[in-house]
Amino acid sequence: MANKVEPKTLAELEKMHTGTLMTRRKALLKCDESFEVSNQTKPSNSGMIEFKNTPEWKKAYQDLKTVLDTRENLPNKQQRKAMRQAKAKARK
């Protein structure tokens, strides 16, 4: 079954927590490339974003990137590890 993502406005995205936005990004990226590539037999009229080749998906992803560009960078696991190790070396 294809991943489905609810459309959100730019204003709604701006109110969301950064972690929630990253979860939304992951869900958008899990969407199927197109209806033809998916395992669906008939198109759905649910109003949800399902396929990457649609204008709705492209707009949703662009809006998401726009909002994330305004947020501070949160270090990933490798970056946090490097910071901890550097801090530990500095104490010695």
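See the structure shown above.
Anyway, here's the lowdown on the structure attached to this text.

Digging into the packing of aromatic side chains
Applying the stated criterion across every chain, the model contains one aromatic pair. With centroids separated by 5.1 Å and ring planes inclined at 5 degrees, the aromatic side chains of W57 and Y61 adopt a geometry described as stacked. In this pair, W57 and Y61 are both assigned in helix α3 (residues 55–69), four residues apart and thus about one turn of the helix distant. Looking at W57, the relative accessible area reads 11%, which means it is buried.

A few points about the layout of surface pockets
A volume near 200 Å³ is recorded for the largest pocket. Lining the largest pocket we find twelve residues, and of these S44, M48, E50, F51 and T54 sit closest to its centre. For the lining of the largest pocket, a count of residues per class yields six nonpolar, four polar and two charged.

A closer look at α3
With 15 residues, α3 extends 21 Å from end C-alpha to end C-alpha; this agrees with the ideal 21 Å at 1.5 Å per step. The set of residues buried in α3 consists of W57, A60, Y61, D63, L64, V67 and L68. All buried residues of α3 lie within an arc of 160 degrees about the axis, which places them on one face of the element. Exposed and oriented more than 90 degrees from the buried face of α3 are P55, K59 and D69. Those residues of α3 that are buried lie in contact with α1 (10–15) and α2 (18–29).

Reading the values: the criteria
Residues numbered from 1 in each chain as written. Predicted model: local features only at pLDDT ≥ 70, side-chain atom pairs only at ≥ 80, totals over all residues. Heavy atoms only, no water. Phe/Tyr/Trp six-rings, centres within 6.5 Å; stacked < 30°, edge-to-face > 60°. Helix = DSSP H or I, 4+ residues; strand = E, 2+ residues; numbered from the N terminus. Buried < 20%, exposed > 50% of the residue type's maximum accessible area, 1.4 Å probe, protein only. 1 Å grid on protein atoms, 1.4 Å probe; cavity = no way out; pocket = protein on both sides within 12 Å on 5 of 7 lines; lining within 4 Å. Points joined across faces, edges and corners; volume = space filled by probe spheres on them. Nonpolar A, V, L, I, M, F, W, Y, C, P; charged D, E, K, R; others polar. Expected span 1.5 Å × (residues − 1). Arc of directions from axis to C-beta. Contact = heavy atoms within 4.5 Å.

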